[in-house]
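# Per-entry structural report
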Amino acid sequence: MTPHSTGSAGRKSLATLVCGALAAGGLVAAGVATLEPGAASASSHREAPLISGQPQYDNTDVYAFVSPDKPDTTTIIANWIPFEDPAGGPNFFTFADDAQYDIHIDNNGDARSELLLRYTFTTHTKNKDTFLYNTGAVTSLDDPDLNVTQTYDIDLVKSHGGKVMSRTKLADDVPVAPSNVGKASMPDYDTLRKQAVYKLSNGAQTFAGQADDPFFLDLRVFDLLYGGNLSEVGRDTLKGYNVNSIALQLPTDMITESAKQPVVGIWSTTQRRNAQGYYEQVSRLGMPLVNEVVNPLKDKDKFNASSPRDDAQFLKNVTNPELPKLIEQIYKIKAPAEPRNDLVDVFLKGVEGLNQPPHVVPSEQLRLNTSIKPTHSPKRLGVLDGDNAGFPNGRRLTDDVIDAALQVVEGELLGAKNDLGDAVDKNDKKFGSSFPYLANPTAGSRGALAKGVSGGNDVRNQLGDALRPAGSSDTGNMKLITASAGAGAAGIALIGGGLLWWRRIRRGAY
């Protein structure tokens, strides 16, 4: 954990007090320099026992923000499939054909979705007689060399008071951006990304496909809260991993109840078709970290299968959280007094005067006040640093939700000003300036390349060079080749001698 200055004398004095408490607890000075009482988790990466074995259905993060380049629209991003290794072939990463990927919008605070946008996917395979995902270099989404492709449909379901009022097909057979196999297979991936952005008739835009995982944090929190002595911080452990993303940009007046009630609550769910042919909800996510470090193991699977309307059953997990007690036990930082009604506002109701709708039913959602315009200089701590366009008023890609959540959990809203953080302040890749804003996925060809493949050698020599491991010595290779040649010559002489001996024996026998 590291203290981060935001220009407040109170924050500096709190950081001094925290360092003193840590020293009193017997931690070394090197640990104090990276102070952060671990609250992090990979937002919703493998956060519950059942869903951890079903990555295609595992919703990892949800983002919602007023579009910075189109402030009359709202962008919603939901990610699935945690920890995608870029080189994870030959079966690369696809959305599930037997799932419904849903984005819910509650625009009146009743803990029910008035708007539901449903994405369903279909996989297409051109040649089932090959193991290859692509059979040559892919230059477009309709390239015949892209062997495995996906398309999707979008349905809009409007409801009121829990009753479905209408269903509308917004799009069908929209192409999905493929997994980034590598530079040889997809020499211009950015073109494929752009081709996967699809404009809808109502002025909306949609995208589905692979992207760099935008969440940034140090996941070593799970090793006894950063090693138990703060030695395991400062590394973005999601660097280099990808996710499958759904991004949707909608006219704001399409999703809000009215201009006078601009606050919306957003969450996503995944329904999987069971053996009987019915769909069952297996994943749910709105606010980051709730089902990771707020809900205990006994409630995690239940939460993933539940509706926000029934969140009263999880209230005690918020008002009497486990995390501050763990921090106190390990790092001797006193936990704030319970019940934690401040956390109820942040995680279940929205902050009054900012993003709390009137007559709100407490429930876990990512709440966004769409009337607050985006800033040209977003601050990573969002509302805690005076930037009301950021978390917990929605969530932008650049928001450091780990540091913000840590500070809130440790009593920031109760007057215990602090600068706690995990020393990972931004994503490893730069985000885009236009929809879908996500960074391109890391290519499967990342890493050191073999030596000698770019020279003017003939094809045979290039192949030989390509088989040479990166970093190997030419001198060593020459010694190996010489030795191999010598051994080969000796082998040929031995075989020749053996044949002559066999012929003499044979003649003697007759």
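Residues numbered from 1 in each chain as written. Predicted model: local features only at pLDDT ≥ 70, side-chain atom pairs only at ≥ 80, totals over all residues. Heavy atoms only, no water.

Now for the sheet that holds strand β8 (residues 205-212). Taken together, the 5 strands give an open sheet; going across it, the order is β1-β2-β9-β8-β7, and neighbouring strands pair in antiparallel fashion. Lying at the two open borders of the sheet, with one neighbouring strand each, are β1 (59-66) and β7 (198-199). With 7 bridges joining them, β1 and strand β2 (residues 73-84) adopt antiparallel strand pairing. From the neighbouring strand, valine 62 faces β2, where its bridge partner is alanine 78. (Pairing = 2+ DSSP bridges. Helix = DSSP H or I, 4+ residues; strand = E, 2+ residues; numbered from the N terminus.)

If you look at the biggest cluster of nonpolar residues, it comprises 84 residues, and the most contacted ones within it are Tyr101, Ile105, Phe121 and Ile246. Counting residues per element, this core draws most heavily on helix α11 (residues 401-409), which supplies 6 residues. Once residues within four sequence positions are removed from consideration, phenylalanine 121 is found in contact with Phe95, Ala96, Asp97, Tyr101, Gln150, Thr151, Tyr152, Val176, Ala208 and Ile246. Within the second largest apolar cluster, 10 residues are counted, among which are Val221, Leu230, Val233 and Ile333. (Core = buried A, V, L, I, M, F, W, Y, C linked by side-chain atoms within 4.5 Å. Buried < 20%, exposed > 50% of the residue type's maximum accessible area, 1.4 Å probe, protein only. Contact = heavy atoms within 4.5 Å.)

For the structure shown, the criterion picks out 19 salt bridges. Residues arginine 284 and glutamate 364 are paired through a salt bridge, measuring 3.7 Å at the closest nitrogen-oxygen approach. Residue arginine 284 is located in strand β11 (residues 279-285), and its partner glutamate 364 is located in the loop between α10 (341-349) and β12 (366-369); the two are separated by 80 residues in the primary sequence. The residues arginine 284 and glutamate 364 share a single accessibility class, namely buried. Salt bridges here are not isolated pairs; linked through shared partners, they connect Arg380, Asp400, Asp403 and Asp425. (Salt bridge = Lys/Arg side-chain N within 4 Å of Asp/Glu carboxyl O.)

The subject of this paragraph is the packing of aromatic side chains. Per the stated rule, a full pass over the model turns up 11 aromatic pairs. Between phenylalanine 65 and tyrosine 437, the ring centres sit 5.6 Å apart and the planes meet at 70°, which makes this aromatic pair edge-to-face. Placement of the pair is phenylalanine 65 in strand β1 and tyrosine 437 in the loop between α11 and α12 (459-466), with a sequence separation of 372 residues. Here the aromatic rings of tyrosine 101 and phenylalanine 121 are separated by 5.5 Å at their centres, their planes lie at 85°, and the arrangement is edge-to-face. (Phe/Tyr/Trp six-rings, centres within 6.5 Å; stacked < 30°, edge-to-face > 60°.)

When pLDDT is averaged along the protein, the result is 84, and 79% of the positions lie at 70 or above. Contacts for the low-pLDDT stretch residues 455-469, under 50 throughout, to residues beyond four places or in other chains number 15 contacts. The low-confidence segment residues 472-490 (pLDDT under 50) makes 5 contacts with residues lying over four places distant or belonging to another chain. (pLDDT = per-residue confidence, 0-100.)

Apart from glycine, the bulk of residues carry a negative phi angle, and the bulk of peptide bonds sit in the trans form. Here the bond from glycine 89 into proline 90 is cis, since omega is 0°, no more than 30 degrees from zero. For proline 90, the location among the structural elements is in the loop between β2 and β3 (99-106). Put simply, phenylalanine 391 and proline 392 share a cis peptide bond, and its omega is 5°. Residue position: proline 392 is located in the loop between β12 and α11. Positive phi is not limited to glycine here, since aspartate 173 has a value of about 55°. Residue placement: aspartate 173 occurs in strand β6 (residues 163-175). When its relative accessible area of 56% is taken as the criterion, aspartate 173 is described as exposed. Positive phi outside glycine occurs at histidine 359, with the angle close to 55°. Turning to its location among the elements, histidine 359 is positioned in the loop between α10 and β12. Judged by relative accessible area, which is 78%, histidine 359 ranks as exposed.

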